[in-house]
Amino acid sequence: MHRRAFLAVAASLSVSVSGCLEYFTEDAEEITEPADVEIVWDDLVRDDPGTEDERVYVWGVVRNAGERTLSYVEIRVTFFDEDGEELESVIENVEEDVAEGEEWPFDAEFPHFGEEAAAVDSYELEPATGV
């Protein structure tokens, strides 16, 4: 095998990929920075608390804070128990065009019911991507 050639290619790939978290171009579309997506409002909601049908979800409103129309956005919701241990992480997405300054609602449901849902104490939101 051509080890030196392989190492040279691997080194050049690591240099060219290092900035891909900021911008990535594919088919002339850029993946925008999460700062272009602003969480305006959010709340943890419980349905049927204390029963085996208890469910928990986060409802919120997100705004396109960038200067271009977004065609796809992901919001990552991570659920935690009262000790701060991560229970589950889910991604909710918006697949419709969202113009500059426009807001849209989202909800992300914890994927378990009953006692497991009752263990949810807090959550964290993170805009994952916007295109």
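An account of the accompanying structure is given in this report. Keep in mind the model is a prediction, meaning the values are calculated, not measured.

### What about the overall build of the chain?
Working step 1: When helices and strands are tallied, the chain shows two helices and eight strands.
Working step 2: Expressed as a percentage of its 131 residues, the buried residues of the chain come to 27%.
Working step 3: Carbon and sulfur atoms provide 47% of the accessible area of the chain, an area that totals close to 8,600 Å².

### Concerning the pairing of strand E5 (residues 73-80)
Working step 1: Counting buried positions over the eight residues of E5 gives seven, a clear majority of the element.
Working step 2: Taking the residues between adjacent antiparallel strands as the criterion, E5 and strand E6 (residues 86-94) are bridged by five residues, where Gly-84 takes a positive phi near 85°.

### Considering the side chain of Asn-64
Working step 1: Positionally, Asn-64 belongs in strand E4 (residues 55-64).
Working step 2: Only 2.9 Å separates the side chain of Asn-64 from the backbone nitrogen of Gly-66, close enough to count as a polar contact.
Working step 3: When near neighbours in sequence (up to four residues on either side) are disregarded, Asn-64 contacts Asp-36, Thr-69, Leu-70, Val-98, Ala-99, Glu-100, Gly-101, Glu-102 and Trp-104.

### Re the sheet that holds strand E3 (residues 37-47)
Working step 1: With antiparallel pairing, the three strands of this open sheet are ordered in space as E3-E4-E7. Each having just a single partner strand, E3 and strand E7 (103-109) make up the two edges of the open sheet. Recorded for the sheet is a direction-independent mean angle of 20° between the axes of neighbouring strands.
Working step 2: Looking at chain direction, E4 and E7 are connected through seven bridges and run antiparallel. Within E7, the residue paired with Val-58 across the bridge is Ala-108.

### Considering a negative patch on the surface
Working step 1: Residues Glu-82, Asp-83, Glu-85 and Asp-121 make up a contiguous surface patch of negative charge.
Working step 2: Its place among the elements puts Asp-121 in the loop between helix H2 (115-118) and strand E8 (122-130).

### Some remarks on the pattern of salt bridges
Working step 1: For the structure on display, the rule yields six salt bridges.
Working step 2: In this structure, Arg-46 and Glu-54 form a salt bridge, with 2.8 Å as the shortest nitrogen-oxygen distance.
Working step 3: The partner of Arg-76 in a salt bridge is Glu-126, with the nearest N and O atoms 3.6 Å apart. With Arg-76 in strand E5 and Glu-126 in strand E8, this pair connects stretches of sequence that are 50 residues apart.
Working step 4: The class of Glu-126 is partly exposed, set by a relative accessible area of 39%.
Working step 5: Through salt bridges with shared partners, one network takes in Glu-38, Arg-63 and Glu-103.

### Let's talk about unusual backbone geometry
Working step 1: Positive phi is not limited to glycine here, since Asp-48 has a value of about 55°.
Working step 2: With respect to the helices and strands, Asp-48 occurs in the loop between E3 and E4.
Working step 3: Since its relative accessible area comes to 46%, Asp-48 is described here as partly exposed.

About the cut-offs
- Residues numbered from 1 in each chain as written.
- Predicted model: local features only at pLDDT ≥ 70, side-chain atom pairs only at ≥ 80, totals over all residues.
- Heavy atoms only, no water.
- Helix = DSSP H or I, 4+ residues; strand = E, 2+ residues; numbered from the N terminus.
- Buried < 20%, exposed > 50% of the residue type's maximum accessible area, 1.4 Å probe, protein only.
- Areas by Shrake-Rupley, 256 points an atom, 1.4 Å probe, with all protein chains shown as cover.
- Pairing = 2+ DSSP bridges.
- Polar contact = N/O pair within 3.5 Å; in protein donor to acceptor, adjacent residues only side chain to side chain.
- Contact = heavy atoms within 4.5 Å.
- Axes fitted to C-alpha atoms, helices over the stretch in contact; angles between N-to-C directions.
- Patch = residues over 30% accessible without salt bridge, like charges linked within 9 Å, V, L, I, M, F, W, Y side chains within 5 Å.
- Salt bridge = Lys/Arg side-chain N within 4 Å of Asp/Glu carboxyl O.
- Lys, Arg positive; Asp, Glu negative; His and termini not counted.
- Charge placed at Lys NZ, Arg CZ, Asp CG, Glu CD.

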